[in-house]
Amino acid sequence: NLSDQLAGFNTFLLFFAGVALFVGAFLIFNAFNVTVLQRTREIGMMRTLGATRPAVARQVLTEAFGMGIVGSLLGIAAGLGMAIGLIKLMGEVFPGIPFGDLVIPTRAYVAGIVTGTVVTTLGALWPAYRASRTTPVAAMRQRAERVGRVPWRSAVVGLAIIAASAPGIWLLTRGDRASWQTAYGLIGVIGVFLGVVLAAPIIVRPLVTLLGRP
């Protein structure tokens, strides 16, 4: 019936919301990692002037906290705009169907802000720890990053994860699937994403070398 279809649709939306949070957390983690690496000399100078490790970590986490709040507010505003636009669009396409008004409870706003801020802060934990481990000596030298060896071990693990997760995604495309197949498919989506991240160096480095020759 209609209620069962709506419940399934809600589950579908919750799954993609979880995937969006996961991808967002990874992007935040990667962005702060790059930022900390680029600011090594600045952080090293701060340590030389007397900044403690906890102070450096707090600075990075404070930046993440502020970005989380601002990003969450912008995301809520964008979501509201999309929802209002979709309601108007559906009203124009199907003029005979009443779609009602947009009603969003206060707890939804609170949940959005809290979730966005917490995920952003958690994503910056490891970069903040790395920043706190920067030594004052780093401010005395020009940083020249050396490209290390290709991480073959992690790349092989990534390829294995992709191979194990890909069948789950295929199961998601089937209409008649059991609950364990759905769970396997959901885990497979995350597994493929992680596998691609781990296996990326063996693809990206040769590609960069090839593009860099001209």
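So, here's what we can say about the structure. As the structure is a computational prediction, the values presented were derived from the model and not from experiment.

Analysis parameters
In this convention, every chain numbers its residues from 1, walking through the sequence in written order. Owing to the predicted nature of the model, reporting of local features is limited to residues with pLDDT of at least 70; listing and counting of side-chain atom pairs is limited to 80 or more, with chain, interface and lining totals taken over all residues. Based on all heavy atoms of the structure, the side-chain values leave hydrogens and waters out of the count. A cavity, in this analysis, means grid points on a 1 Å lattice covering only the protein atoms where a 1.4 Å probe fits yet has no way out; a pocket is instead an open set bounded by protein on both sides within 12 Å along at least five of seven lines, and a residue lines either one if it has an atom within 4 Å of a point. Grid points are joined across faces, edges and corners, and a volume is the space filled by probe spheres set on the points. Counting from the N terminus, the helices are DSSP H or I runs at least four residues long and the strands are E runs at least two residues long. In this classification, Asp, Glu, Lys and Arg are treated as charged, Ala, Val, Leu, Ile, Met, Phe, Trp, Tyr, Cys and Pro as nonpolar, and every other residue, Gly included, as polar. We define a nonpolar core as any set of buried Ala, Val, Leu, Ile, Met, Phe, Trp, Tyr and Cys residues linked to one another through side-chain atoms lying within 4.5 Å. In this scheme, a residue with accessible area under 20% of its type's maximum is buried, one over 50% is exposed, and one in between is partly exposed, where area comes from a 1.4 Å probe on protein chains only. By definition, residues are in contact when any of their heavy atoms lie within 4.5 Å. By definition here, a helix of n residues has an expected span of 1.5 Å times n minus one. Patch definition: residues above 30% relative accessible area lacking any salt bridge, with like charges linked at up to 9 Å and the nonpolar side chains Val, Leu, Ile, Met, Phe, Trp and Tyr linked at up to 5 Å. Note that accessible areas follow from Shrake-Rupley with a 1.4 Å probe, and for residues the cover is restricted to the protein chains shown. Any Lys or Arg side-chain nitrogen located within 4 Å of an Asp or Glu carboxyl oxygen qualifies as a salt bridge.

**Some details on the layout of surface pockets**
Taken as a whole, the second largest pocket holds about 460 Å³ of empty space. Taken together, 18 residues line the second largest pocket, and the ones lying closest to its centre are S72, G75, I76, A108 and G112. Only α3 (53-93) and α4 (106-123) provide two or more residues apiece to the lining of the second largest pocket. Grouping the amino acids of the lining of the second largest pocket by side-chain chemistry returns 9 nonpolar, 9 polar and no charged.

**Looking at the nonpolar core**
Ranked by size, the top nonpolar core spans 11 residues in total: I28, F32, V36, I43, V56, A57, V60, A64, A124, A128 and A131. Among the elements of the structure, α1 (2-38), α3 and α5 (125-132) are those that each provide at least two residues to this core. The biggest single contributor to this core is α3, with 4 residues. Every residue in contact with A57, bar those within four places of it in the chain, is listed here: A128 and S132.

**With respect to α3**
Its 41 residues place the ends of α3 59 Å apart at the C-alpha level, agreeing with the 60 Å of an ideal helix rising 1.5 Å per residue. If you check which residues of α3 are buried, you get V56, A57, V60, A64, G68, S72 and I76.

**As for empty space enclosed by the protein**
Scanning the model with the defined rule gives 1 cavity of 30 Å³ or more in all. Estimates place the volume of the largest cavity at around 30 Å³. Forming the boundary of the largest cavity are R39, I43, M46, V56, Q59 and V60. Among the elements of the structure, α2 (40-48) and α3 are those that each provide at least two residues to the lining of the largest cavity.

**Topic: a nonpolar patch on the surface**
A cluster of nonpolar side chains, L86, L89, M90, V93, F94, I97 and F99, forms an exposed patch at the surface whose accessible area comes to about 620 Å². By the element assignment, F94 lies in the loop between α3 and α4. The exposure class of F94 is partly exposed, given its relative accessible area of 39%.

**Section: the pattern of salt bridges**
Between side chains of opposite charge, a pair can form when the charged atoms approach closely. Applying the stated rule across the entire model yields 2 salt bridges. Here E63 and R39 are joined by a salt bridge, their closest N and O atoms 3.2 Å apart. Of this pair, E63 sits in helix α3 while R39 sits in the loop between α1 and α2, placing them 24 residues apart in sequence. Given a relative accessible area of 27%, E63 falls into the partly exposed group. Looking at R39, the relative accessible area reads 19%, which means it is buried. Salt bridges here are not isolated pairs; linked through shared partners, they connect R39, E42 and E63.

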